[in-house]
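A look at the structure
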Amino acid sequence: MANQEEIALSLARTPLFIIAQELKARLTSFGGWEMPVQFAGISKEHEAVRNTAGMFDISHMGKFILQGKNLITQLQHLVPSDLSRLQPGQAQYTVLLNPQGGIIDDIIVYYQSEDSTGGQRGLIIVNAATTSKDKTWFLQHLNSDELVFQDLSPEKVLIALQGPQAVSLLQSFVDKDITQVKAFGHLEATVFGKTAFLARTGYTGEDGFEVMVDPDAGVELWRSLLNAGVIPCGLGARDTLRLEAAMALYGQDIDDTTTPLEAGLGWLVHLDKKEDFIGRSVLEQQKASGVQRRLVGLRMQGRNIARHGYQVLSQGAVVGEVTSGTLSPTLGYPIALAYVPTELATVGQHLEVEIRGKAYPGVVVKKPFYRSKNRVMSGNG
């Protein structure tokens, strides 16, 4: 059996990994990568993002450039969302679907440009653990005679700067005015002499930007933000932040067996505004007859934490399962996401969660658990 050192050597590392080591970050395996789970501590990092600013190395995420004619038309067949309304400089959070309506991955499509000949260019950001799967899916379903597909995943640094002060802190390192960029807007600018892609998106429920740039400029930006007092954050705080904002984590809250209608992502499904797409017939049927289960928010009564995989009970019978759970640093009480039968998914419904052999009470509450005054809609994990 491989020891921990051998396992670590088999994991990929981002260009910012050396800085994480310098800062003595606690490391973990995630999606085939060795990543920092925390630096100064999850609570401190979480608090920084909610109150000032924190930054995350998300260079492990997949980054695809697609360009050519009919790009948006071809992508329309792969997602339930209407991409035709996008203008250059805008983006759409959406999901790739299989024929059963299950979620292959949640992604963000950034529509970058369109030229005079009708050629279109877009950037798609996907989850780290699904990068290879997603790449294969795109190559299988897109017309290679019309489109050029580039995988920039190993070539670029991706930094998420999040929090109320994120925009003002980032502005001093960018040659263009980013304060006027709207939520889910994006642009290209220069950062430390290199062309960078900047998007006003994130996965924390706070305002901020995600910056994609060459590794040398990315390292310089990270160190400069550190010197400016920005708190480096790991996967631990990223998880507590996104859960408070009720943002789904692929592989836990959503996967290829869950549909967007079951997962509370019905706002991504535009059945009346677009033509056929993969999985449409299943979603039409669910829309007509109703889903059998729903992903709900739970507030636990007391201090017991309902964690991933724990069983949800109603009147002593198992009715569902927790997908994500934590003690909310902002709210001060345990919160969770869980799939339960639709008839038990009403806000105010009392349920129980089995924790170490004992049932503890919880109640279904409205999502998100926490809403920032400066909130930006969800991105992917």
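Report follows, based on the coordinates. (Residues numbered from 1 in each chain as written. Predicted model: local features only at pLDDT ≥ 70, side-chain atom pairs only at ≥ 80, totals over all residues. Heavy atoms only, no water.)

Ranked by internal contacts, the top residues of the largest apolar core, which has 42 residues, are Phe56, Ile103, Tyr110, Leu123, Ile254 and Leu265. Counting only elements with at least two residues in this core, the list comes to strand E5 (90-97), strand E6 (103-114), strand E7 (119-126), strand E9 (157-162), strand E11 (194-199), helix H8 (235-244) and strand E17 (334-341). For this core, the leading source of residues is E5, giving four residues. Among the nonpolar cores identified, the runner-up in size contains 30 residues, and Leu16, Ile19, Leu187 and Trp222 belong to it. (Core = buried A, V, L, I, M, F, W, Y, C linked by side-chain atoms within 4.5 Å. Buried < 20%, exposed > 50% of the residue type's maximum accessible area, 1.4 Å probe, protein only. Helix = DSSP H or I, 4+ residues; strand = E, 2+ residues; numbered from the N terminus.)

Summed over all chains, the structure comprises six aromatic pairs. Taking the centre distance of 4.9 Å and the plane angle of 45° together, the rings of Phe64 and Phe149 count as tilted. Taken together, the residues span a long stretch of sequence, with Phe64 in strand E4 (residues 62-69) and Phe149 in strand E8 (residues 147-151) at a distance of 85 residues. Put simply, the rings of Phe64, Phe138 and Phe149 pair up and form one aromatic cluster. Sitting above the plane of the Phe56 ring, Arg238 keeps its charged end 5.9 Å from the centroid. (Phe/Tyr/Trp six-rings, centres within 6.5 Å; stacked < 30°, edge-to-face > 60°. Lys NZ or Arg CZ within 6 Å of the ring centre and 35° of its normal.)

Our focus in this paragraph is the pattern of salt bridges. Taken as a whole, this structure holds 13 salt bridges when the rule is applied. Here Glu34 and Arg13 are joined by a salt bridge, their closest N and O atoms 3.0 Å apart. Residue Glu34 is located in strand E2 (residues 33-38), and its partner Arg13 is located in the loop between helix H1 (4-10) and helix H2 (17-22); the two are separated by 21 residues in the primary sequence. The salt bridge partner of Asp216 is Lys194, with a shortest N-O separation of 2.7 Å. (Salt bridge = Lys/Arg side-chain N within 4 Å of Asp/Glu carboxyl O.)

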